[in-house]
There are 2 protein chains.
Amino acid sequence: MTLTIDKVKELKEKPNPKQLGFGKYFTDHMFMMDYEREKGWFNPRIKPYEPLSLDPATMVFHYSQSVFEGLKAYRTEDDRVLLFRPEKNFERLNESNRRLSIPLVDNELILQYLKKLIEIEKEWIPKEEGTSLYIRPFIIPTDTNLRVAPANTYKLMIILSPVGSYYPEGIHPVSIYVEHEYTRAVKGGTGTAKTAGNYSAGYVAQEKAAQNGFAQVLWLDGMEKKYIEEVGSMNVFFRIDDEVVTPKLNGSILPGITRMSIIELLKSWGVPVKERLVSMEEIIEAYKNNRLKEAFGTGTAAVISPIGELNWHNEQYIINNKKTGELSKKLYETITSIQTGSMKDTFNWTEVVK
Amino acid sequence: MTLTIDKVKELKEKPNPKQLGFGKYFTDHMFMMDYEREKGWFNPRIKPYEPLSLDPATMVFHYSQSVFEGLKAYRTEDDRVLLFRPEKNFERLNESNRRLSIPLVDNELILQYLKKLIEIEKEWIPKEEGTSLYIRPFIIPTDTNLRVAPANTYKLMIILSPVGSYYPEGIHPVSIYVEHEYTRAVKGGTGTAKTAGNYSAGYVAQEKAAQNGFAQVLWLDGMEKKYIEEVGSMNVFFRIDDEVVTPKLNGSILPGITRMSIIELLKSWGVPVKERLVSMEEIIEAYKNNRLKEAFGTGTAAVISPIGELNWHNEQYIINNKKTGELSKKLYETITSIQTGSMKDTFNWTEVVK
Ligand SMILES: Cc1ncc(COP(=O)(O)O)c(C=O)c1O
Ligand SMILES: Cc1ncc(COP(=O)(O)O)c(C=O)c1O
C-alpha cells in the first residue's frame, strides 16, 4: 500500500502556545484510511484536516462501534521529536478492535504513517515546558444502515492537537470521590477496550463529583463495589509503607501504558510493586494505621496525578497532607524526562521521528 | 419555537416494497434540532435528508454520548397512519438523556414535530402486510474538542425508513445461545438507556453465536451470570405452566415498550404475569419438569420472537417442539392488529397522525 500525500494550499495560523488547553486546536493535515470487507484496509492517505460528510444513518451515530487511542509526541531540547512507546498504543488499538468486532489493522504500518504525518506537522509541536503534540488515532464504522451488527466499512483517522501543560502551576494533588453507585465497567464488558461508549458512560458520576468539588471519580468494581479499579481515565497506584500496589488487570480495567511503564520503572529501582486486588477497605485500613503514604493516578495526559484526598461514604481521607509524595514526584520527573529526551532512555521506550 | 420546513426539490424513487429489509432506505426529509448550552434546544426544522458535515474532532466519534429511540408508524386498511405509544418512546429518550448527561428534550413537542414529518412522508409508508415506517430519533454531541466531559452542543435528528416484514415467511421460533462469558450491562452501568455503546458492546458475543448457528444471544446478569436479562435487543418472557414470568427491571435491563404492553395485555386477559428475578437454573428446572411451555423475546422490530431452542453450556433445550406457542401467537396477533388498526384499541395505545 502506498501512502498518498495531499498537502493543504494554505497553512492555518498556529495558536498561542500559552493557551493551548487540551484537544482544542488541530493541525493542518490528518491521516485517513478506509476499510471494506472485500478489500481490507486500503487507501492510506495524508490529507487536509477537514470535515467528514456522513449520512445520518451512518452506524457510528447509532451503535458507536468506535475505538481510539491517545499518545503524544514530545519536542526535545535539541529539536528532535520523540514518541513514547507508540507500538504499545497500536497494539492496544488492535485489542480494542478485537473486543468491538472491528477488523484489525497492521499496527506497524500505521506507526510508519503516523511518523510521516508528524514529520509534516513538525512545526505544530510546541516548545514550552510540559507541552506536546497529542495524537488521536480513531476508528469509526461508516455503513449507512441501521442493522445492529458489525459494520462492513470503516475509517481509521489520526488527528493531531498541540496541547498545553497538564500542570501549568506545577504538579499538585487532587481530591477524589469514591463512586459507589455508578459502574464504569465489569468483567465481560468493554472496560479493557478504549471504546467511545465507556467514556460518556462515566459522565453522570463525573458531574456529580465535580458539583461536590472533586476533580475525579474513583471507580470500584461493578460486582461488589469493593475493589478499586481506576481513577477517572487513569490507572491508580498506592504506596503502603514502602510497597506500591495497583489493581491487577482483571478484565474490566484499561491496561494503561503509563501504568506498565511505572511498574517497570519501580522494579528497576528495586521498589516492591504488586499487581493484585486492592479493596477500598484495605486502603482505609492502611490510612488509619498511618501506612498509606501516597496515592496517584497514571495516564498519558497527566503522567502522574497525585491524590491528596479520598472521599468515601462521606468520610474524608487526607493523604500525605495533600502534598505531592516523594515517589510520585520522582516517577513524574523520570518519565517526563525520558519522554522529552532530557534523561537517558535506558529502557528503549522512546522512538525518534525521522 | 416555530418549526421551519424546507422541502426537497426532487423526490427520491421509492424502493421496491417487497425488498425493503430493515433500515436500508430513508425518506426524502428528516427532522433536526440543535442545542447550545446558552440557548437550550432551538431551530426545529424539517429539511432534506442529507449528509452531515462534521469535524473529525466531533465528540460523537470519540466518546459516543449518543442516545436513540426506535418506533414505527403503521398504515391501516383505510389508509390512516397510526403510531404505537409514541409518548413512551420520547419519555424513554429523556431517561436515556439523563443517564448520559444529555440535556432533556420537550418530549411532547418532539412528538408534534414527528407527526408533521410523517405527514409529509406519508407516501413512504408501505402498504404490504407486516411492513411499516421505522422511526429513528437520535441525539449526538457536536462539540469539536477532545475534552472527556459532557458536550455543550448537540443535534437531535429523526430519520424515517420504510421497513419490510420481520416475518416474510410467517412467525417462526429461533435458536438462542445463552452467553456466559460476555456481559451486556450491569447495575450502575448504562443498560437501562438506549445508548450507542451498549449495542456494539454485544457484537462479539452476537458474532460467536451466529457462527454457531444461533439467531441471538441470551444475556445473563453481569454479576453472577445467573439471572436472565434480555435476548439480543429484546426483552424476554417465559410461560411456565400457565403463569408468565419476565425479568424485573433491575437497573441493567432496557424497559421495553413492547414488554410493558405485553404485561398489560396479559393482565387484561387474566393471565398471571410476574416481573421478578428469573434464573437460568429455574428455567432449566421448569424445562426438565415439562413445565416450560413457551419462551419469547419482545421488541418493536419483531413484536414477538418465539424461542424454539436454548443452548446453555453446550446443552440443547428445545421448547414447544420448536413451534410457535399458543400464547405467543395470540400476543403477536393482538398487538399487530392493534398497531395496524384492524382490532379495536381498547387500551388507547395508538395515536392517529393527522
Ligand atoms: C479508562 C482509562 N484508563 C487508563 C488510562 C491510562 O492509559 P495510558 O497510560 O495508556 O494513557 C486511560 C487513558 O489512556 C483511560 O482512558
Ligand atoms: C436492548 C433492548 N432491549 C429491549 C428492547 C425492546 O424495547 P421496545 O419494546 O421498546 O422496542 C430494545 C429495542 O428497542 C433494546 O434495544
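A brief structural summary.

Cut-offs applied
Residues numbered from 1 in each chain as written. Chains lettered and ligands numbered in written order. Predicted model: local features only at pLDDT ≥ 70, side-chain atom pairs only at ≥ 80, totals over all residues. Heavy atoms only, no water. Helix = DSSP H or I, 4+ residues; strand = E, 2+ residues; numbered from the N terminus. Rg over C-alpha atoms; globule rule 2.2 N^0.38 Å. Buried < 20%, exposed > 50% of the residue type's maximum accessible area, 1.4 Å probe, protein only. Contact = heavy atoms within 4.5 Å. Areas by Shrake-Rupley, 256 points an atom, 1.4 Å probe, with all protein chains shown as cover. Lys, Arg positive; Asp, Glu negative; His and termini not counted. Charge placed at Lys NZ, Arg CZ, Asp CG, Glu CD. Least-squares fit on C-alpha atoms with pLDDT ≥ 70 in both. Axes fitted to C-alpha atoms, helices over the stretch in contact; angles between N-to-C directions. Parallel < 35°, antiparallel > 145°, perpendicular 65-115°, else oblique. Left-handed = near helix turned anticlockwise from the far one by under 90°. Nonpolar A, V, L, I, M, F, W, Y, C, P; charged D, E, K, R; others polar. 1 Å grid on protein atoms, 1.4 Å probe; cavity = no way out; pocket = protein on both sides within 12 Å on 5 of 7 lines; lining within 4 Å. Points joined across faces, edges and corners; volume = space filled by probe spheres on them. Expected span 1.5 Å × (residues − 1). Buried area = accessible area lost by both parts, 1.4 Å probe. Salt bridge = Lys/Arg side-chain N within 4 Å of Asp/Glu carboxyl O. Polar contact = N/O pair within 3.5 Å; in protein donor to acceptor, adjacent residues only side chain to side chain. Pairing = 2+ DSSP bridges.

So, the overall build of chain A
Alright, step 1. On a plain count of helices and strands, chain A comes out with 8 helices and 19 strands.
Alright, step 2. Its C-alpha radius of gyration of 21 Å places chain A within 12% of the 20 Å reference for a compact globule of 354 residues.
Alright, step 3. On the principal axes, the C-alpha backbone points of chain A span a range of 60 × 50 × 35 Å.
Alright, step 4. Counting over 354 residues, chain A shows a buried share of 60%.
Alright, step 5. Taking as baseline every contact in chain A between residues at least 6 positions apart, the subset at least 24 positions apart corresponds to 72%.
Alright, step 6. When the accessible area of chain A is evaluated, it comes to approximately 14400 Å², of which 46% is carbon and sulfur surface.
Alright, step 7. Charge separation in chain A, taken as the distance between the mean sites of 46 positive and 47 negative side-chain charges, equals 1 Å.

What to know about the relation of the copies chain B and chain A
For the pair of chain copies, the relating operation is a rotation around an axis with a shift along it.
Alright, step 1. Once chain B has been moved 0.0 Å along the axis and rotated by 180°, it coincides with chain A to within an RMSD of 0.0 Å. These values place the two chain copies in the arrangement generated by a two-fold rotation axis.
Alright, step 2. The share of interface residues of chain B whose copies in chain A are also at the interface is 100%, consistent with both copies meeting through the same surface.

Some remarks on the packing of helix α2 (residues 86-99) of chain A against helix α3 (residues 107-120) of chain A
All names here are of chain A.
Alright, step 1. Packing of α2 against α3 brings their axes to within 9 Å, and their N-to-C directions diverge by 130°. Compared by their axis directions, α2 and α3 come out oblique. Note that α2 runs across α3; the crossing there is right-handed. Every residue of α3 that contacts α2 at P86, E87, F90, E91 and N94 is listed here: N107, I110, L111 and L114.
Alright, step 2. The residue makeup of the contact of α2 with α3, split by class, is 5 nonpolar, 2 polar and 2 charged.

Description of unusual backbone geometry
All names here are of chain A.
Alright, step 1. Phi at D79 takes a positive value of approximately 65°, unusual for a residue other than glycine.
Alright, step 2. Of note, D79 is situated in the loop between β6 (71-75) and β7 (81-84).
Alright, step 3. Exposure remark for D79: the relative accessible area of 36% places this residue in the partly exposed category.
Alright, step 4. Although it is not a glycine, R85 sits at a positive phi angle of roughly 50°.
Alright, step 5. Here R85 is to be found in the loop between β7 and α2.
Alright, step 6. In this structure R85 comes out as buried when scored by relative accessible area, which is 6%.

Details of empty space enclosed by the protein
One simple way to see leftover space: roll a probe sized like a water molecule over the atoms.
Alright, step 1. All told, the structure shown has 5 cavities of 30 Å³ or more when counted by the stated rule.
Alright, step 2. Surrounding the largest cavity, 24 residues form its lining, T190 and N198 of chain A together with R184, T190 and N198 of chain B being those nearest its centre.
Alright, step 3. Contributions of two or more residues to the lining of the largest cavity are made by α4 (196-200) of chain A together with α4 (196-200) of chain B.
Alright, step 4. Of the residues forming the lining of the largest cavity, the biggest block, 3 residues, is contributed by α4 of chain B.
Alright, step 5. For the lining of the largest cavity, the per-class residue count stands at 7 nonpolar, 14 polar and 3 charged.
Alright, step 6. Of the pockets and cavities examined, the second largest cavity occupies roughly 80 Å³.
Alright, step 7. Going through the elements one at a time, β6 and α6 (257-268) of chain A are the ones with two or more residues in the lining of the second largest cavity.
Alright, step 8. Considering every element that reaches the lining of the second largest cavity, the biggest residue donor is β6 of chain A, with 3 residues.

Notes on helix α3 (residues 107-120) of chain B
Owing to its 3.6 residues per turn, the α-helix aligns residues three or four sequence positions apart on the same side.
Alright, step 1. An ideal rise of 1.5 Å per residue puts 20 Å on 14 residues; α3 of chain B measures up with 20 Å between its terminal C-alpha atoms.
Alright, step 2. Every buried residue of α3 of chain B is listed here: I110, L111, Y113, L114, K115, L117 and I118 of chain B.

A word on the interface of chain B and chain A
Alright, step 1. Counting residues at the interface gives 58 residues for chain B and 58 residues for chain A.
Alright, step 2. Counting the surface lost from both chain B and chain A, the interface buries some 4700 Å², and carbon and sulfur atoms represent 62% of this.
Alright, step 3. Three residues stand out in chain B for area buried against chain A, namely P56, F61 and Y203 of chain B, and they jointly supply 15% of the buried area on that side.
Alright, step 4. In this assembly, chain B and chain A are joined by 0 salt bridges.
Alright, step 5. Our count for the chain B to chain A interface comes out at 29 residue pairs in polar contact (both at pLDDT 80 or more).
Alright, step 6. For the side of chain B that touches chain A, the elements supplying multiple residues, two or more each, are β4 (52-54), α1 (60-63), α2 (86-99), β8 (132-141), α4 and α5 (203-211) of chain B.
Alright, step 7. With 3 bridges connecting them, strand β4 (residues 52-54) of chain A and β4 of chain B associate as antiparallel partners. The residue bridging L52 of chain A from the neighbouring strand is L54 of chain B, located in β4 of chain B.

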